[in-house]
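# A look at the structure
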Amino acid sequence: MSGISETGYFPISLMGPTKQTFNYGDATSATVSSHIFHWLARLYNKPELVGYKYEVEPNGGGAYGLGMYRPFEDTPDFTSIMPLDKMFVSADYVASTRSSWIDQNALFAAYIAGANRTGHGDMDIGSFVLEALGTRWITDFGQDDYWADGAFDFSVGGTRWKYYRKGAEGHNVVVMNPSKIPSGAPYREGQNPMGKGEIAPFKSSKQSSYGVIDMTDAYSRDVSDYKRGFALINNRSQFVVRDEIKTLKPSDIYSFFHTQQKIHIADSKTAYMYTGIDFEHATTMLRIDLITDAQNAEFKEMKAEKFSFSDPLPDGVTGLDNSAYKKLTVYIPQATDPTINVIFTP
C-alpha cells in the first residue's frame, strides 16, 4: 500500500530536539517508541528506524521488542539519513522543518493543514509548534478530557468545538471578529468546522525551507483569500509566520501563540518569551518581532481561556485546566487586507 513504507518516518519527523512530538488533535507530546519500528525496519530494509528506536528507548522495549528484534549488519544513526524538512499527506497535511538533527539547541517547527472534521481533529488548520535552545516555546495542548461529554461531537456548532483546547481559540491560529458573531452561529469557534487546507508549495534547500497553507476555506466567513506561510530563513536561524489576508470587511484580528514560558512585551511590535526567574535574569530567551502594514497592530499577553462572549460548554461540563499556559497575541482592530509577519529569533 502506498505510503506505508514512510510510516516509520512520521513520528521521527515530528519529534523536536526536546524529544517532544507535535501533539496536534488528541495526541500527547510524549516521544513515540514502539516495537513496530523493528518490523518496519525489516520489512522495508530501513535499519535507521531501529537506530531511532535505540535512541529513544535504549533498553529495547521489553518482551515485544525482543520478539520483533532482528539484527542488522549495520544500524546507522537515523539523524544522518533523515532530511531536515519533511511533509506527510493523508487526511491531514503535516510538515516539519529544523536547523539540525544533532544540535539539542536546534530550531524546530511543525505545522498542520488538512481537514478540521477528521477523527480526533481540532480547529487547527495553520497551527504549529516551535522549539529552540532546548525549549518548546510555542505549544499545542493536544488532548482535552478524552471522555468528556460531547468531546466527539464534530457537527457544525458541536460541543467538541466549545472546549478551549479543541476550538480555534485554543490553537496557534488567527481568530477573526469573535465578538461580532451571534451566539450559536456555526463558525462561532473561530474556523469553519468543515474547512480544509493544503500545504502547497512545500520547498526545502540547504539554507532554508518554506510551506504555504491556503486557509481560505477555514475562514470563508470573513475572507476572500487567506494564505499562511511558514519559513525557516537566514541559514535556518530564524522562523517566520506570515499571514496574507484579504478581508471581506474591516475585521478585528487576533493571532495567538500559546506557551508555557514567561512573556515580556517590550513594545507594541517587540516581545520575548523566556525561561528563568525574571526577564532580567533569563536563562534562555526567544525574541519575537511583529512586522505588518496594518495600523494599530500590537502584541498583547492573554490568558489561555475562552473569550467571555464565546459560547460556553453545557452545564456541568468542563475541560482540562489550562492555567499553566498563556498566549502572546497579535491584535489588530478593524484591519483591511493585512499582511502580518511574526519573526522568531533564538
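Note: the structure precedes this text.
Note that the coordinates shown come from a computational prediction; the quantities given were computed from them, not determined experimentally. (Residues numbered from 1 in each chain as written. Predicted model: local features only at pLDDT ≥ 70, side-chain atom pairs only at ≥ 80, totals over all residues. Heavy atoms only, no water.)

Moving on to the overall build of the protein chain. In terms of helices and strands, the protein chain carries four helices and 19 strands. By its C-alpha atoms, the protein chain is 65 × 45 × 40 Å across when sized along the principal axes. When each of the 346 residues of the protein chain is scored for burial, the buried share is 54%. Summing over all exposed atoms, the protein chain offers an accessible surface of approximately 15,000 Å²; the carbon and sulfur share of this is 51%. (Helix = DSSP H or I, 4+ residues; strand = E, 2+ residues; numbered from the N terminus. Buried < 20%, exposed > 50% of the residue type's maximum accessible area, 1.4 Å probe, protein only. Areas by Shrake-Rupley, 256 points an atom, 1.4 Å probe, with all protein chains shown as cover.)

Here His171 is to be found in the loop between β6 (135-138) and β7 (174-176). For His171, a relative accessible area of 1% translates into the label buried. Taking the C-alpha atoms as reference points, His171 and Gly157, separated by 14 residues in sequence, lie 18 Å from one another. Once residues within four sequence positions are removed from consideration, His171 is found in contact with Asp122, Met123, Asp124, Ser127, Asp140, Arg165, Lys166, Phe256 and His258. Polar contacts involving the side chain of His171 include one to the main-chain carbonyl oxygen of Gly167, which spans 2.8 Å. (Contact = heavy atoms within 4.5 Å. Polar contact = N/O pair within 3.5 Å; in protein donor to acceptor, adjacent residues only side chain to side chain.)

So, about helix α2 (residues 36-43). Considered for burial, the residues of α2 that qualify are Phe37, His38, Leu40 and Ala41. Across the axial projection of α2, the buried residues extend over an arc of 170°, all falling on one side. Looking one or two residues beyond α2, the residue adopting positive phi is Asn45, at roughly 55°. (Arc of directions from axis to C-beta.)

Along the chain, Asp122 turns up in the loop between β4 (114-115) and β5 (128-132). Here the side chain of Asp122 touches Arg160 through a polar contact of 3.1 Å, side chain to side chain. Not counting residues up to four positions away in its chain, the partners in contact with Asp122 are Gly25, Asn116, Gly142, Arg160, Trp161, Arg165, Lys166 and His171.

Next up on the list: the nonpolar core. Ranked by internal contacts, the top residues of the largest apolar core, which has 56 residues, are Phe128, Leu130, Tyr219, Phe239, Phe257, Met273 and Phe344. It is strand β18 (residues 326-335) that provides the largest number of residues to this core, a total of five residues. Discounting residues that sit within four places of it in the chain, Phe239 has contacts with Thr97, Leu107, Ala109, Phe128, Leu130, Phe230, Ala231, Leu232, Val342, Ile343 and Phe344. The next biggest cluster of nonpolar side chains, apart from the first, holds 14 residues, and it includes Met15, Ala41, Phe72 and Phe78. (Core = buried A, V, L, I, M, F, W, Y, C linked by side-chain atoms within 4.5 Å.)

Moving on, we get to the sheet that holds strand β10 (residues 209-214). With antiparallel pairing, the eight strands of this open sheet are ordered in space as β9-β10-β11-β12-β19-β16-β15-β14. One side of each edge strand has no neighbouring strand; the edge strands of this open sheet are β9 (199-204) and β14 (262-267). The mean angle between the axes of side-by-side strands here comes to 15°, regardless of whether they run parallel or antiparallel. With five bridges joining them, β14 and strand β15 (residues 270-276) adopt antiparallel strand pairing. Each bridged residue has a counterpart across the sheet, and for Lys262 the counterpart in β15 is Tyr274. (Pairing = 2+ DSSP bridges. Axes fitted to C-alpha atoms, helices over the stretch in contact; angles between N-to-C directions.)

Most of β18 sits inside the fold, with eight of its ten residues counted as buried. Pairing geometry for strand β13 (residues 251-259) and β18, over eight bridges, is antiparallel. From the neighbouring strand, Ser255 faces β18, where its bridge partner is Val330. Across six bridges, the pairing between strand β17 (residues 298-303) and β18 is antiparallel. Bridge pairing in β18 links Glu301 to Leu328.

With that settled, the discussion passes to the sheet that holds β6. With respect to topology, five strands assemble into an open sheet ordered β1-β2-β3-β5-β6, the strand pairing being antiparallel. In the strand order of this sheet, the two ends are held by β1 (85-89) and β6, each with one partner. Each strand of the sheet is rotated relative to its neighbour by a mean of 15°, with strand direction disregarded.

Another aspect to go through is the packing of α2 against helix α3 (residues 48-56). It is the contact of α2 with α3, at a shortest axis distance of 8 Å, that shows an interaxial angle of 160°. Taken together, the axes of α2 and α3 are roughly antiparallel relative to one another. Like other packed secondary-structure pairs, α2 and α3 cross with a definite hand, here left-handed. Each of Phe37, His38, Leu40 and Ala41 in α2 lies in contact with α3, whose residues at this interface are Leu49, Val50, Tyr52, Lys53 and Tyr54. (Parallel < 35°, antiparallel > 145°, perpendicular 65-115°, else oblique. Left-handed = near helix turned anticlockwise from the far one by under 90°.)

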